[in-house]
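# Architecture and fold: a report
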Amino acid sequence: MIEFLTGAVFVGFLASTIRLAVPLIFASLGEVFTQRSGILNLGLEGIMLIGSFIGFTAANLSGNLWVGVLAGMLSGLMIAIVIAVFDVTLGADQTIVGIMIVIAAQGLVTYLNNVIYKGGYVPPRIGGFTPIRIPLLADIPVIGDTFFNQNILVYIAFLLVPLFAVVLFKTTWGLRVRGVGEDPRSADAMGVNVFRTRYLALLFGGMMAGLGGAFLTLGYLGTFNDNITAGRGWIAIALVYFGQWNPYRVLAGALLFGGVNALQLRLQAQGANLPFQFMLMLPYVLTILVLIGISREGRGPAALCVPYRREVRT
Amino acid sequence: MTESPYRPASGIVEMIGITKRFGDVLANDRLDFSAQWGEVHALLGENGAGKTTLMSILSGLYRADAGQVRLRGNPAQIHSPRDAIEHGIGMVHQHFMLIKPFTVAENMVFGLKSPREPWLDLDGVAERVAELSNRYGLAVNPRARIQDLSVGAQQRVEIIKALYRGADILVLDEPTSVLTPQEAEELFKILRELAGQSHTVIFITHKLDEVIAVADRITVLRDGRRIATVGKAETDKADLARMMVGREVLFRLEKSSTTPGPEILAIKDLWAHGADGRPALRGLSFSLRAGEILGVAGVDGNGQGELAQVIMGTRRATAGHIYLDGKEVTHASPKERLMLGVGYIPEDRNAVGLIGSFSVGENTILNTHFSPPYARGIMLDRRAMVADAERLIREFDVKTAGHGERAARLSGGNLQKLVLAREVHRDPRALIAAQPTRGLDVGATEYVRRRLLEQRERGRAILLISADLEEVLTLSDRILVVYEGAMTGLLDAKDVEIGKLGLMMAGTKQPVAIH
């Protein structure tokens, strides 16, 4: 057992857990802000997919990974603008809008993949972000190789967690976002621009989901394939509920999901006596079970999913 | 600063020719209004007279379709609540505009720039709140969460919030509707204090006694128009009532004396949770007899709503018993209770009492459609429904285009008449009437009240749950006072002292006088 805990296999497992958690951290953190402002963005799966594709393609074309990252974020932002027009300005049903976005994105990406990479071909590989060893810290046994020998995007993801928590709970902007999600009518009466706040939160969330998608191609796989997101966008939304709209708890959820995912990958590799499809199911089943347990006690933003209109008399 | 509260030539607020339309409804019709510096100005009118709309325009929540607003002698463009705040206008709405999970301090600065931008400076805020508290006698703890405060305290937070944001024009919308008589007294003192310290207070109400108690001048609105603006000294209650309603008003309803019959409904040590999962009813016991109206008095939100729901079976009792004609129905389904003869006028007629997208006729058989004459086997007999619906529409004077009109198109008063018609038509032995006249105009209110008294004379047992204290006092034979879901008193309506009643509503237990 001790051997296992210090062995290379275990370190590999932990490091993989972290990497698998990162796209979820990005997308979920953004969604925390979006939902805190009272908007449910169900389109994350679509945004992540587009972000992964655009990010990958832009990096391929430019030969610069950072251009890819920015392009992924920008594509997320653009889709979020569309969602915001429907959700915030027009007061449409947020569930329908989100699902519509996912379906549209899936169709669009399949099409573009066919056109640009000729579908059947294995898309060209580019070198993804490479790990950066942090001196001294990376030499600590187990922890070093787990946490301090990762690529730059992984470090950024983990630094964003406390940063976002501070913004949400300690700044005037965070207070505005939370207030708008609790009671938009009161917020409006107190001079807060509900529409602008929700737009910003939604655009920000879209950008983060685009970043999460770009990480999949640029920071993790180094390649693009159809359905690369594999439901991670939905999991990211589930994690927001799991995390009770709190960045730290969302991080815990992302690590849990990443851990189970990393575990099943290793079990598959070791040739466990189960069809691999069941292994693949494992993280998703676990997410559902945990959510059932947790979401019963949860209390989200009171105005989540409720469109705000100004002169409607109540 | 000038000492005199009056400076006649200086209308600090002037609204000229304000018109505002909501769909087909003309809420404000070329309205003029002006308030002066340092006065308490009452805006008096019935529900739907356009008072709240006018003040929502002043505070930037609504935009006028036509008309002009002038502040301190200059034209002002108020396009949003933020503009209003910058012009020194603070509005205390009937439904408080506070973020409930936030603390008092967080609500103060919500939406404002912080001196330590982008960081919040909640300690600085707390100091400033304490200062304002002291200066105007508004007791409030800046670190308390809004959801943990009493309604009266939340209202004080609203006033402080307006002052914190630099308001010197303070608008209050029906501020006493959620207060006990004592809390209302307190509030009036605060308003006088504010006016004395050179604030202008505009006070929306439909209660004549309050106008007489606190206002310097009064503007009366009716049907979206201004009827008059008068000084308090030049008018009296009867005069104001006439202007408000447009005809002579009787302040007393005829109530015959009846002798209560046998016990119809008995409640024994009833407990239930509220929507927040905390106990809303804490061991309530009472009995309701044939031919009497038992009024439930209490500040809104002290378990009255839950009581009606538990009696009807739409909310589970966690302990205790409910008996109907001596038969236990504590765990009976709502339908069983209806069939046993309980009538229900729910608090929220739109969400619970009716289905807006159904026709008026369909709404009259919502809780009888499964039995003859409306049901024949599995088929609905629409002809029977239509025949009865038309009779009820006539009998209860429901203003509608006909039995086929969608219920959602009816006005509040007519909807309530429809619910009343349906319930009375079923001829229940006990009638639970929750806020039966809330939001109705004087005419409809009078009608509903007369019908309730009629049911009482016919020997029906009526439980009247109402936040309108005057209604409880005029209609009831006995009054049950509740506070936080428990009884604090049971009084004979003939000898009620308002002061004592107010204390009970605020939670002071009194020995039970009668049983």
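Residues numbered from 1 in each chain as written. Chains lettered and ligands numbered in written order. Predicted model: local features only at pLDDT ≥ 70, side-chain atom pairs only at ≥ 80, totals over all residues. Heavy atoms only, no water.

### Overview of the pairing of strand β8 (residues 200-205) of chain B
All names here are of chain B. Just so we agree on the cut-off: Between buried and exposed lies partly exposed: a residue is buried under 20% and exposed over 50% of the maximum accessible area for its type, with that area taken using a 1.4 Å probe on protein chains only. Only DSSP runs of H or I with at least four residues qualify as helices, and only runs of E with at least two residues qualify as strands; both kinds are numbered from the N terminus onward. For two strands to be treated as a pair, DSSP must find no fewer than two bridges joining them. A crossover gets the label right-handed when its path from the first strand over the helix to the second runs clockwise, viewed with the strands pointing away from the viewer.
For β8, the buried fraction is high: 6 of the 6 residues fall into the buried class. Here β8 shows a buried face lined by Thr200, Ile202 and Ile204 and a second buried face lined by Val201, Phe203 and Thr205. Of the strand pairs in this sheet, strand β3 (residues 40-44) and β8 are connected by 5 bridges, and their pairing is parallel. In the strand pairing of β8, Leu44 is matched with Thr205. In terms of strand pairing, strand β7 (residues 169-173) meets β8 through 5 bridges, oriented parallel. Bridged to Val171 within β8 is Ile202. Note on the crossover from β7 through helix α6 (residues 181-196) to β8: the handedness is right-handed.

### Observations concerning the pattern of salt bridges
Residue and element names in this part refer to chain B. Formally: Salt bridge criterion: a side-chain nitrogen from Lys or Arg within 4 Å of a carboxyl oxygen from Asp or Glu.
In this structure the tally under the stated criterion is 32 salt bridges over all chains. Across the pair Glu362 and Arg382 runs a salt bridge whose closest N-O atoms are separated by 3.5 Å. One end of the pair, Glu362, is in helix α12 (residues 360-364); the other, Arg382, is in helix α13 (residues 382-395), and 20 residues separate them in sequence. Here Asp468 and Arg449 are joined by a salt bridge, their closest N and O atoms 3.4 Å apart. With Asp468 in the loop between β20 (461-465) and α16 (469-475) and Arg449 in helix α15 (residues 442-457), this pair connects stretches of sequence that are 19 residues apart. Classification of Arg449 by relative accessible area gives buried; the value is 13%. Taken together, the shared-partner salt bridges connect Asp29, Arg30 and Arg225 into one network.

### Notes on the nonpolar core
Convention followed: Put simply, a nonpolar core is a bunch of buried Ala, Val, Leu, Ile, Met, Phe, Trp, Tyr and Cys residues held in one set by side-chain atoms that sit within 4.5 Å of each other.
Counting residues in hydrophobic clusters, the biggest one holds 69 residues, and the most contacted among them are Leu24, Ile25, Phe26, Val69, Ile83 and Leu218 of chain A. Counting residues per element, this core draws most heavily on helix α2 (residues 8-36) of chain A, at 10 residues. Of all hydrophobic cores here, the second largest spans 64 residues; its members include Val92, Val104, Met108 and Val245 of chain B.

### Quick word on the pairing of strand β16 (residues 342-345) of chain B
All names here are of chain B. Alternating positions in β16 separate into two faces, Val342 and Tyr344 on one and Gly343 and Ile345 on the other, with burial throughout. Looking at chain direction, β16 and strand β19 (residues 430-434) are connected through 4 bridges and run parallel. Bridging across to β19, Ile345 finds its partner in Ala433.

### Things to note about the domain arrangement of chain B
Residues and elements named next belong to chain B. Selection criterion: Residue ranges for the domains trace back to a domain assignment, done automatically or taken from a database. Contacts were defined at the residue level, with two residues in contact if any of their heavy atoms lie within 4.5 Å. Buried area, as used here, totals the accessible surface that two parts lose on assembly, with accessibility defined by a 1.4 Å probe and the loss added over both. Polar contact is the term for a pair of N or O atoms within 3.5 Å; when the atoms are in protein, one must be able to donate a hydrogen and the other to accept it, and sequence-neighboring residues count only if both atoms are side-chain atoms. Classification used: nonpolar for Ala, Val, Leu, Ile, Met, Phe, Trp, Tyr, Cys and Pro, charged for Asp, Glu, Lys and Arg, polar for all others including Gly.
Assigned domains within chain B: domain 1 (38-53 + 80-245) and domain 2 (263-505). Each of domain 1 and domain 2 was reduced to a C-alpha centroid, and the two centroids are 33 Å apart. In this complex, domain 1 contributes 8 residues to the contact, which on the side of domain 2 involves 11 residues. Between domain 1 and domain 2, the buried area comes to about 830 Å², and carbon and sulfur atoms account for 60% of it. Summed over the three residues of domain 1 that lose the most area to domain 2, namely Asn47, Pro181 and Gln182, the buried surface amounts to 44% of that side. Counting every contact that joins domain 1 to domain 2 gives 0 salt bridges. At the junction of domain 1 and domain 2, the tally comes to 1 residue pair in polar contact (both at pLDDT 80 or more). A breakdown of the residues in the side of domain 1 that touches domain 2 according to their chemical character gives 4 nonpolar, 3 polar and 1 charged.

### Remarks on the sheet that holds strand β14 (residues 317-324) of chain B
Residue and element names in this part refer to chain B. Threshold: To get an axis, a line is fitted to the C-alpha atoms, and for a helix only the part in contact is used. The angle between two axes follows their N-to-C directions and goes from 0 to 180 degrees.
Ordered by their spatial adjacency, 4 strands build an open sheet running β12-β11-β14-β15, and the pairing between neighbours is antiparallel. On the outer flanks of this sheet lie β12 (279-289) and β15 (327-328), each paired with one strand and no other. The pairing of strand β11 (residues 263-273) with β14 spans 6 bridges and is classified as antiparallel. Residue pairing in the sheet places Ala266 in a bridge with Tyr323 of β14. Across the sheet, helix α9 (residues 304-312) lies against β11, β12 and β14, angled at about 65 degrees from β12, the strand it touches most.

### Things to note about the sheet that holds β3 of chain B
Residue and element names in this part refer to chain B. Taken in spatial order, the 6 strands make up an open sheet running β6-β7-β8-β3-β9-β10, and their pairing is mixed. At either end of the open sheet lies a strand with only one pairing partner, and these are β6 (89-92) and β10 (225-231). Going across the sheet, the axis of each strand differs from the next one's by a mean of 15 degrees, ignoring polarity. Summarising the sheet, β3 and strand β9 (residues 217-222) pair through 4 bridges and their orientation is parallel. By the bridge assignment for β9, Leu44 is matched with Val220. Packing of α6 onto the sheet brings it into contact with β3, β7 and β8, and relative to β8 it is tilted by some 145 degrees.

### Here we look at the packing of aromatic side chains
All names here are of chain B. Our working rule: Centres within 6.5 Å are what make two rings of Phe, Tyr or Trp a pair, Trp counting through its six-membered ring; a difference in plane orientation under 30 degrees is then read as stacked, over 60 as edge-to-face, and the rest as tilted. Placement of a charge over a ring requires the Lys NZ or Arg CZ to be within 6 Å of the ring centre, with the centre-to-atom vector within 35 degrees of the ring normal.
This structure, assessed with the given rule, holds 18 aromatic pairs over all chains. Centre to centre, the rings of Phe22 and Tyr62 are 5.1 Å apart; their planes meet at 75 degrees, and the pair counts as edge-to-face. Here Phe22 is found in strand β1 (residues 11-22), whereas its partner Tyr62 is found in the loop between α1 (51-58) and β4 (66-71), with 40 residues between them in sequence. The residues Phe22 and Tyr62 share a single accessibility class, namely buried. Across the ring face of Phe370, the terminal group of Lys335 is positioned such that the distance to the ring centre comes to 4.0 Å. Between the NZ or CZ atom of Lys417 and the centre of the ring of Tyr447, over which it lies, the distance is 4.9 Å.

### Section: the interface of chain A and chain B
The partner chain B presents 31 residues to the 24 residues of chain A that form the contact. A combined buried area of about 2300 Å² lies between chain A and chain B, and 63% of that area is made up of carbon and sulfur atoms. Between the two partners, chain A and chain B, sit 0 salt bridges. Looking at the side of chain A that touches chain B, the elements with two or more residues in it are α7 (152-170), α8 (172-182) and α9 (184-189) of chain A. If you tally residues by element for the side of chain A that touches chain B, the top one is α8 of chain A, at 7 residues.

### Observations regarding empty space enclosed by the protein
Note the following rule: Note on definitions: the grid is 1 Å and covers protein atoms alone; a cavity is a set of points where a 1.4 Å probe fits but cannot get out; a pocket is an open set with protein on both sides within 12 Å along at least five of seven lines; lining residues have an atom within 4 Å of a point. Grid points are joined across faces, edges and corners, and a volume is the space filled by probe spheres set on the points.
Per the stated rule, a full pass over the model turns up 2 cavities of 30 Å³ or more. By volume, the largest cavity is sized at about 190 Å³. Ala189 of chain A together with Ile85, Ile89, Gly90 and Met91 of chain B are, among the 17 residues lining the largest cavity, the residues nearest its centre. Going through the elements one at a time, α2 (81-86), β6 and α5 (151-164) of chain B are the ones with two or more residues in the lining of the largest cavity. Of the residues contributing to the lining of the largest cavity, the split by class is 11 nonpolar, 3 polar and 3 charged. Empty space within the second largest cavity amounts to approximately 60 Å³. Elements with a contribution of two residues or more to the lining of the second largest cavity: α11 (232-242), α12 (247-269) and α13 (276-295) of chain A. In terms of residue count, the dominant contributor to the lining of the second largest cavity is α13 of chain A (4 residues).

### Comments concerning the packing of helix α3 (residues 44-62) of chain A against α11 of chain A
Residues and elements named next belong to chain A. Basically, it comes down to this: Under this scheme an angle from 65 to 115 degrees is roughly perpendicular, one under 35 degrees roughly parallel, and one over 145 degrees roughly antiparallel; angles in between are oblique. Helix crossings get a hand from a simple test, with the near helix turned counterclockwise from the far one by less than a right angle marking a left-handed crossing and a clockwise turn marking a right-handed one.
The contact between α3 and α11 brings their axes to 7 Å, and the two run at 130 degrees. Taken together, α3 and α11 sit at an angle that is classed as oblique. The chirality of how α3 crosses α11 is right-handed. Of the residues in α11, those in contact with Leu44, Glu45 and Met48 of α3 are Arg232, Gly233, Trp234, Ala236 and Ile237. Of the residues in the contact of α3 with α11, the class split is 5 nonpolar, 1 polar and 2 charged.

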